[in-house]
Amino acid sequence: MMGATRTVAVYSLGGTIAMTTDPLTGGVVPALSAHDLLAGVPGLDKCGIELRVHDFRRVPGASLTFDDLTELAAVIGDTLDGGDIDGVVITQGTDTIEETAFFLGLHHGHDQPIVVTGAMRNPTMAGPDGPANLFAAVIAAADPCLRGAGALVVLNDEIHVARHVRKAHTTSPAAFASPGAGPIGRVTEDRVRLLSSPPRRTAPLGPPSREVRVGMYAVSLGDDGTLLSAWDSLCDGLVIAAFGVGHVPQRLVETLEALASRIPVVLTSRIGNGPVLTRTYGYPGSEKDLIDRGLIPAGDLGPFQARLLLHALVAQEADRRAIVETFAALSNQPGGPA
């Protein structure tokens, strides 16, 4: 682009933002390329930003895999090693945006921001939000004030860090929120306006050295532990989405203790806002009891984030001490950054 002063690499993965109607089924499916998406964004060609466009995948967000994201992280790393890219934008389905952003953030060791965006309304609907979200994402990725911010999610003109963002509504264009933290900024009048500083980043994790399976188990009222027992020998790690601040029915305690003696078992809250505690309640099945039995507290990381982190650590054959220390460093608990 003539006169361009910044350069942004754009990788499209598919999702609602790239969907059009399938004449055979009448439903929408991923069909638009990255070039198609960018061509539909008014004013983007006047922002002084050169775009380097890559069609990486064309699938619904729900169909993305660890292999897809591992390959994407490696490609982004190679792109940024060249030194001539100011930021990266990823377009994908909103079903898994928070997971993609967190995953990429775990493996991102460069200063240039990675901005993940998508759309809640597909291009066939009245008022599709994809063009506005893509415009804001490119502006954010190109802005020098976000260097060092790691992985971000930008939708509805709000800038969220991957560490906190959640999809909080199934259909609203304002579906993404950062419970307990809020967005760190907004895109207004074609520029980034920061509201707060991004949280401190930790050292990036390395690529996986083996394939692993990490499960997630949500505790529910009346749970008798039968389904929990079924996880034994089927996974290399397990995340427990517990009640409240980290509590489970007493009937699950012995099973969890046995599992934690064989594989890393991480304790989170199914609420998704606020931390698990570590030393307040003391009855069987309380957070203190479970930690004493070998479960690893996740701080204020939600179950989905904790699963991604545990998967990454187990896949690179981290030992228990390294897993405990990494969870402490990435979550708001003693020994980790605030």
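A few points on the structure. (Residues numbered from 1 in each chain as written. Predicted model: local features only at pLDDT ≥ 70, side-chain atom pairs only at ≥ 80, totals over all residues. Heavy atoms only, no water.)

## Things to note about the packing of helix 3 (residues 97-107) against helix 8 (residues 303-315)
The geometry of helix 3 relative to helix 8 is characterised by a closest axis approach of 10 Å and an angle of 35 degrees between their N-to-C directions. The crossing of helix 3 and helix 8 is right-handed. Seen from helix 3, the contacting residues are Glu 99, Phe 102, Phe 103, Leu 106 and His 107; seen from helix 8, they are Phe 304, Gln 305, Leu 308, Leu 309 and Ala 312. A class-by-class count of the residues in the contact of helix 3 with helix 8 yields seven nonpolar, two polar and one charged. (Axes fitted to C-alpha atoms, helices over the stretch in contact; angles between N-to-C directions. Helix = DSSP H or I, 4+ residues; strand = E, 2+ residues; numbered from the N terminus. Left-handed = near helix turned anticlockwise from the far one by under 90°. Contact = heavy atoms within 4.5 Å. Nonpolar A, V, L, I, M, F, W, Y, C, P; charged D, E, K, R; others polar.)

## Quick notes on the sheet that holds strand 15 (residues 265-269)
Read from one edge of the open sheet, four strands run 13-14-15-16, paired in parallel fashion. Strand pairing shows two members of the sheet lacking a second neighbour, strand 13 (214-218) and strand 16 (296-297), which therefore form its edges. Pairing between strand 13 and strand 14 (residues 237-242): five bridges, direction parallel. When the bridges of strand 14 are listed, Gly 215 appears paired with Leu 238. Its contacts with the sheet put helix 8 on strand 13, strand 14 and strand 15, and the angle it makes with strand 14 is roughly 165 degrees. (Pairing = 2+ DSSP bridges.)

## Quick word on unusual backbone geometry
One non-glycine residue, Asn 156, adopts positive backbone phi at about 55 degrees. Here Asn 156 lies in the loop between strand 7 (151-155) and strand 8 (158-161). Under the relative-accessibility criterion, Asn 156 is labelled partly exposed at 31%. A positive phi angle, near 50 degrees, is found at Glu 189, a position not held by glycine. Following the sequence through the fold, Glu 189 ends up in the loop between strand 11 (185-188) and strand 12 (191-194). (Buried < 20%, exposed > 50% of the residue type's maximum accessible area, 1.4 Å probe, protein only.)

## Notes on helix 2 (residues 66-81)
For helix 2, which comprises 16 residues, the first-to-last C-alpha distance of 22 Å matches the rise-based estimate of 22 Å (1.5 Å per residue) to within 8%. Taken residue by residue, helix 2 has Asp 68, Leu 69, Leu 72, Ala 73, Ile 76, Gly 77 and Leu 80 as its buried positions. Seen from one end, helix 2 has its buried residues packed into an arc of 165 degrees, which puts them on one side. Counted as exposed and oriented over 90 degrees from the buried face of helix 2: Asp 67, Asp 78 and Asp 81. Contacts from the buried residues of helix 2 go to strand 1 (6-14), strand 4 (49-59), strand 5 (87-91), helix 3 and strand 6 (114-117). In the stretch just after helix 2, Gly 83 is the one whose phi turns positive, near 80 degrees. (Expected span 1.5 Å × (residues − 1). Arc of directions from axis to C-beta.)

## Observations regarding the packing of helix 2 against helix 3
Helix 3 packs onto helix 2 with a crossing angle of 50 degrees between their chain directions and a minimal axis gap of 10 Å. By the angle between their directions, the pair helix 2 and helix 3 is classed as oblique. Crossing angle aside, the handedness with which helix 2 passes helix 3 is right-handed. Across from Phe 66, Leu 69, Thr 70, Leu 72, Ala 73 and Ile 76 in helix 2, the residues of helix 3 making contact are Thr 100, Phe 103, Leu 104 and His 107. For the contact of helix 2 with helix 3, a count of residues per class yields seven nonpolar, three polar and no charged. (Parallel < 35°, antiparallel > 145°, perpendicular 65-115°, else oblique.)

## Let's talk about empty space enclosed by the protein
As enumerated under the stated definition, the model contains one cavity of 30 Å³ or more in all. In this structure, the largest cavity occupies an estimated 40 Å³ of space. Considering the residues around the largest cavity, the lining is formed by Arg 166, Ser 269, Gly 272, Asn 273, Gly 274, Gly 299, Asp 300, Leu 301 and Gly 302. Residue classes in the lining of the largest cavity are distributed as one nonpolar, six polar and two charged. (1 Å grid on protein atoms, 1.4 Å probe; cavity = no way out; pocket = protein on both sides within 12 Å on 5 of 7 lines; lining within 4 Å. Points joined across faces, edges and corners; volume = space filled by probe spheres on them.)

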